[in-house]
Amino acid sequence: MDRFDAMQAFARVVETGSFTKAAATLHMSKTSVTQLVQQLEARLRVRLLNRTTRKVNVTADGAAYYERVVRLLADVDDAETSLSSASMAPRGRLRVDVPSPFARMLLIPALPAFYARYPEIQLTMGVSDRLIDIIGENVDCVVRGGEITDQSLIARHVGDLQLGIYATPGYLQRAGTPMHPRELEAAGHHTVGFLWSRTGKALPYAMQRGEERIEAHGRPLLTVDDGNAYLAAGLAGLGMLWLPHYMAKPHLASGELVRLFEDWQMKPMPMYLAFPPNRHVSAKLRVFIDWVVALMAEHAPVLSRR
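In short, a report on the structure. Quick caveat: nothing in here was measured; it's all calculated off a predicted structure.

### Here we look at the overall build of the chain
- For the chain, the helix and strand inventory stands at 10 helices and 16 strands.
- For the chain, buried positions account for 45% of its 306 residues.
- Sequence separation of 24 or more characterises 76% of the internal contacts of the chain that already satisfy a separation of 6 or more.
- A total accessible area of about 16000 Å² is found for the chain, and carbon and sulfur atoms account for 53% of it.
- In the chain, the 35 positive side-chain charges and the 31 negative ones have mean positions that sit 4 Å from each other.

Encoded structure:
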């Protein structure tokens, strides 16, 4: 038995709650992972996991052992990355998950500069607006808009998206130009709805002008759960849009979108980068985080500290 492999297998089973998921993230067979954990239990002479046909639970001894294993694995990674060649050139694979418009419009166009600095880092990028299981899917970090409600994650506030409401000239010619946000819910007007994965609901448009505050849900003909589809629907004239400025900017410049209610303010949307507390912040993850922070500082800097 390779004790290091056995400890890695055990840690992944604890984190994913499943031998099958652990095997998939380690690129091993389920049989191999099961055998490694069994051999580890035999060597330690304690039961680390309670297994049933439906789930796997860690025992009290297993939980205590897991905490030490995580620190040991992190120390091994530190020992490797502390070598001068490794610290000078972070390397290895990172799995990240980011919102689809952020990937398409900001992150991916900037990646050539990232790879020019870190050519030995391989990124596997999930591009979605869905709620993912960071630990279960073995993701190193995620970038998300809105407050991070999962208290089990470490979240870093990396930027603030300034927001506005937009529509196409064709939509405004057909439906008329609304003069007040209350008209977002008026007959004859429509919005495009966005379904947030955390709540499964569309959020209202909260706006303020001086002492006047309003929340409007809009009247969507179409509701989607992907940022790129949301923008495409607005550009097709299907309704008014609630957009971060970085998404609207190129379409404002081309004349495809017009901004509405410019004398009204909307609360900025915070952007967070989050990762599991037991996930060691390796050199490759650290430089990726720093790069995302710098990218956001250029396009949507933090406006207020939380």
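### Examining the environment of glycine 145
- Note that glycine 145 resides in strand β5 (residues 141-145).
- Taking the relative accessible area as the measure of exposure, glycine 145 reaches 10% and is therefore buried.
- Each C-alpha atom of the pair glycine 145 and leucine 161 lies 8.4 Å from the other, and the pair is 16 residues apart in sequence.

### Quick word on the pattern of salt bridges
- Taken as a whole and assessed by the stated rule, the structure comprises seven salt bridges.
- Here aspartate 97 makes a salt bridge to arginine 144, at a shortest N to O gap of 2.5 Å. With a gap of 47 residues between them, aspartate 97 in strand β3 (residues 92-98) and arginine 144 in strand β5 connect regions that are remote in the sequence. The same class applies to aspartate 97 as to arginine 144, namely buried.
- Between arginine 182 and glutamate 212 there is a salt bridge, and its shortest N-O distance comes to 3.6 Å. Placement of arginine 182 in the loop between α7 (169-175) and β8 (191-196) and of glutamate 212 in strand β11 (residues 212-216) is noted, with a sequence separation of 30 residues between them.
- A relative accessible area of 24% places glutamate 212 in the partly exposed class.

### Let's talk about helix α9 (residues 245-253)
- Tyr246, Met247, Ala248 and His251 are the residues of α9 that are buried.
- Here the buried face of α9 lies against α6 (100-117), β6 (154-161), β7 (163-167), α8 (227-235) and β13 (241-244).
- Just downstream of α9, glycine 255 is the residue with a positive phi angle, here 85°.

### Some points on the sheet that holds β8
- Taken in spatial order, the three strands of this open sheet run β9-β8-β12, and their pairing is mixed. In this open sheet, the two strands that pair with only one neighbour each are β9 (201-202) and β12 (220-224).
- By the bridge criterion, two bridges tie β8 to β9 in an arrangement that is antiparallel. Paired with tryptophan 196 across the strands is lysine 201, a residue of β9.
- Relative to the sheet, α8 contacts β8 and β12, its axis offset from that of β8 by approximately 175°.

### Some details on a nonpolar patch on the surface
- Nonpolar side chains collect at one region of the surface, where Leu221, Leu222 and Leu238 lie side by side and expose about 270 Å² of accessible area between them.
- Looking at the secondary structure, you find leucine 238 in the loop between α8 and β13.
- A residue is classified by how much of its surface remains accessible, and leucine 238, at 38% relative accessible area, is partly exposed.

### Some details on the nonpolar core
- Counting residues in hydrophobic clusters, the biggest one holds 61 residues, and the most contacted among them are Phe102, Ile165, Tyr230, Trp242, Leu243, Phe288 and Trp291.
- Ranked by size, the runner-up nonpolar core spans 20 residues in total, among them Ala22, Leu48, Val56 and Val69.

### Topic: the pairing of β3
- For β3, the buried fraction is high: five of the seven residues fall into the buried class.
- Taken together, the seven bridges between β3 and strand β4 (residues 121-127) define a ladder with parallel strand orientation. Bridge pairing in β4 links glycine 92 to isoleucine 121.
- After leaving β3, the chain enters α6 and then returns to the sheet as β4, a path that is right-handed.
- Taken together, the two bridges between β3 and β5 define a ladder with parallel strand orientation. Bridged to aspartate 97 within β5 is valine 142.

### Looking at the packing of aromatic side chains
- Under the defined criterion, the tally for this structure stands at 10 aromatic pairs.
- With a centroid separation of 5.7 Å and an interplanar angle of 70°, the aromatic rings of phenylalanine 114 and tyrosine 115 are classed as edge-to-face.
- A centroid spacing of 6.1 Å and a plane angle of 90° characterise the contact between tyrosine 205 and tryptophan 242, whose relative ring orientation is edge-to-face. Linking tyrosine 205 in strand β10 (residues 205-209) with tryptophan 242 in strand β13, this pair joins segments that are 37 residues apart in sequence.
- On the basis of relative accessibility, which here comes to 5%, the residue tyrosine 205 falls in the buried class.
- For tryptophan 242, a relative accessible area of 15% gives the class buried.
- Feature note: the residues Phe114, Tyr115, Tyr118, Phe288 and Trp291 constitute an aromatic cluster, connected by ring pairs.

Cut-offs applied
Residues numbered from 1 in each chain as written. Predicted model: local features only at pLDDT ≥ 70, side-chain atom pairs only at ≥ 80, totals over all residues. Heavy atoms only, no water. Helix = DSSP H or I, 4+ residues; strand = E, 2+ residues; numbered from the N terminus. Buried < 20%, exposed > 50% of the residue type's maximum accessible area, 1.4 Å probe, protein only. Contact = heavy atoms within 4.5 Å. Areas by Shrake-Rupley, 256 points an atom, 1.4 Å probe, with all protein chains shown as cover. Lys, Arg positive; Asp, Glu negative; His and termini not counted. Charge placed at Lys NZ, Arg CZ, Asp CG, Glu CD. Salt bridge = Lys/Arg side-chain N within 4 Å of Asp/Glu carboxyl O. Pairing = 2+ DSSP bridges. Axes fitted to C-alpha atoms, helices over the stretch in contact; angles between N-to-C directions. Patch = residues over 30% accessible without salt bridge, like charges linked within 9 Å, V, L, I, M, F, W, Y side chains within 5 Å. Core = buried A, V, L, I, M, F, W, Y, C linked by side-chain atoms within 4.5 Å. Right-handed = clockwise from strand over helix to strand, strands pointing away. Phe/Tyr/Trp six-rings, centres within 6.5 Å; stacked < 30°, edge-to-face > 60°.

Any functional reading would require information that these geometric values do not contain.
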